[in-house]
Each structure stands twice: as structure tokens, then as C-alpha cells.
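# Architecture at a glance
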Amino acid sequence: MLHTRTTASQRRRALRERLATGRLLTVPGAFNPLSARLIQDLGFEAAYLSGAVLAADLGLPDIGLTTATEVADRARQTTRATDLPVLVDADTGFGEPMNAARTVQLMEDAGVAGLHLEDQVNPKRCGHLDGKAVAPRAEMVRRLRAAVDARRDPDFLLMARTDARAVEGLAAAIDRAKAYVDAGADAVFPEALADEAEFAAFRKAVDVPLLANMTEFGKGPLLDARTLQDLGYDLALYPVTLLRLAMGAAEDGLRALAAEGTQSALLPRMQTRSRLYELLGYQEYSAFDSTVFDFTLPPGT
């Protein structure tokens, strides 16, 4: 319908309770509000908003060009469309520690369940590219403490992401993660770990929920859910999977349309009109206004 059936506080509590079960939580990335609704409809228990995906959606590279308000606006649109807890990529907090504090409150107001802040410096870049630079550990600690101080809902999840593995090595990344937990981080996102042994070492050293980033075409292995569960990870993230699938299909479709002059051969690959209307909840709207859903769908749609 026009709104979700749960409150932001209920979704935050649901995420906390789910993480406490010890079962791996699979979190696909939504590239728009409709895809978030699809994630919910197919039985997933949380959704993610990737900074890289939002930047790409705006036709921008992932180098810190998006703003806190752009991210908050997309977050607000998404939390209106789904009852799932939504985790948001808040990059470096969009500035100094005070900016990070404001970002937390913007995301709280947008209805998300939590966010992660990273320890890169600006201009930041995708965590699986070369040439990254990380801020001094003390600076990131100040960033996190400001975020913790700004948080108004204690159930709002504050996650620290460290990109230090590629810059300073695994041991330094683990040391940073421990410092970030001491600063108040509820969970840790170790970016671009190289292999299964490094995932295991991180789990052994850090005693808070851990996120495994299973992004495609990156520096790390694509571990399956059973392996991540056995390693003791709490969240498996698929941040760009849906965007890549959608853009791949769109590109193939445009090439076929240009070559053949018709989309007829593509129909079996398309989401049908009836399935789209099901996701949008057309029939539910008729409970409020019977003139909204007073039509019959054409055959085969």
C-alpha cells in the first residue's frame, strides 16, 4: 500500500533479534524501491542500499560524489516500500565527525535499520579497486564515537567497515576492527578479504557480528552461504547483484531491439504485467478506492 505495516523501530528491533540467532542473514542490495519490495516478496529478511549502486543509478562513479541527502532520500523511498530492515552504505559519513553524526540522524529519520561507516579517505573508491587510502585509526575512532553519540534509537545498528586489509594488511585490519568495536561499533564489515583463511582469522579475532561482502568481480572469493555460516559470519551481503543482473538484461534487450526492430522475442524474459501489478499491490489499493482496480488484464500479461 502507500505505507509499510511496521515502524522503523520495529524493523530495527527485528534486525537486532535476527542477528542474535547466530544464523546467517542473506542481504541482497536493492537498486530501487521496487526491487526492495521484490526482495521482501521472495522471502529475504533484510535489504541493503549500496553507495556504489546509488552512484551508478545517478550515472556517477563510486568516488564519493553522492551526498548524504541523496542517500537519505533514496533510503526514505525504499523504507516506504518494504517492511524489511534496510541497511545503508553511508560511505565515510560524508565529511568530518560532525557530518557523520548528522548522517546517523538523517538515516534514522529515513527509517533505516542501520548503516555502516568506512575508514577510507576522500575521494573514496570501491573497496575492491586498487589505490585505496585509509584514514588514521584515531580519526576513524572519532568518526565512530560521533556517530554513537548522535544515535537516538539504541536499536539503530552502527557498523564499522574497514578497508585496511588491502592497504595495511590483515593484522592491521583486525587491530582496527577491535578499536572500532571499542569506540562503539555494533558490528564490523571487513572489506576485500583475500581468501577463506582470512575470513576465519577475522572471525576468531573479533567478537561482534561480522558482514561478508560477496560482491561479484572483486578481490575476494564468492563463498556460498553454508561456508559463511560455518565460518561464523552473521551477514552475507550481495550489494550489486541485482543491478548487474538488471543492467545485463537491459543491455541484451536493447541490442535485440536494435537488431530485430521488435521486442517480441524478448517477451518470455520479461516480468509480466500481472506480476508487476502483484508486486505493486494494485488489488490492495481497491480496498480504499474501488475505481483503482476495476479492470481486467489482457490475456497473457
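Now for a quick tour of the structure.

Parameters and conventions
Residues numbered from 1 in each chain as written. Predicted model: local features only at pLDDT ≥ 70, side-chain atom pairs only at ≥ 80, totals over all residues. Heavy atoms only, no water. Pairing = 2+ DSSP bridges. Helix = DSSP H or I, 4+ residues; strand = E, 2+ residues; numbered from the N terminus. Axes fitted to C-alpha atoms, helices over the stretch in contact; angles between N-to-C directions. Contact = heavy atoms within 4.5 Å. 1 Å grid on protein atoms, 1.4 Å probe; cavity = no way out; pocket = protein on both sides within 12 Å on 5 of 7 lines; lining within 4 Å. Points joined across faces, edges and corners; volume = space filled by probe spheres on them.

### Comments concerning the sheet that holds strand 6 (residues 187-190)
Spatially, the 5 strands line up as an open sheet ordered 2-3-4-5-6, and their pairing is parallel. For this open sheet the edge positions go to strand 2 (47-49) and strand 6, each flanked by a neighbour on one side alone. Along the sheet, successive strands turn relative to each other by an average axial angle of 25°, direction set aside. Relative to strand 3 (residues 86-89), strand 2 is paired through 3 bridges, and the arrangement is parallel. Each residue of the ladder has a partner; that of Ala47, found in strand 3, is Val86. Across the face of the sheet, helix 6 (residues 137-150) comes into contact with strand 4 (114-118) and strand 5 (157-162) while running at roughly 160° to strand 4.

### Considerations on unusual backbone geometry
The phi angle at Asp91 is positive, at roughly 50°, despite the residue not being glycine. The phi torsion at Phe94 lies on the positive side, around 70°, for a residue other than glycine. Along the chain, the position of Phe94 falls in the loop between strand 3 and helix 5 (97-109).

### Structural notes on the layout of surface pockets
In this structure, the largest pocket spans a volume of roughly 550 Å³. What lines the largest pocket is a set of 18 residues, among which Phe31, Ala246, Ala249, Arg269 and Gln271 lie closest to the centre. Breaking the lining of the largest pocket down by element, the ones donating at least two residues are helix 2 (33-41) and helix 11 (241-260). With 8 residues, the single largest contributor to the lining of the largest pocket is helix 11.

### Overview of the sheet that holds strand 8 (residues 235-238)
On the basis of which strands lie adjacent, the open sheet formed by 3 strands has the order 1-8-7 and parallel pairing. Of all strands in the sheet, those with a lone pairing partner are strand 1 (25-28) and strand 7 (211-213), marking the two edges. Pairs of neighbouring strands in the sheet enclose a mean axial angle of 20°, with direction left out of account. In terms of strand pairing, strand 7 meets strand 8 through 3 bridges, oriented parallel. Paired with Ala212 across the bridge in strand 8 is Ala236.

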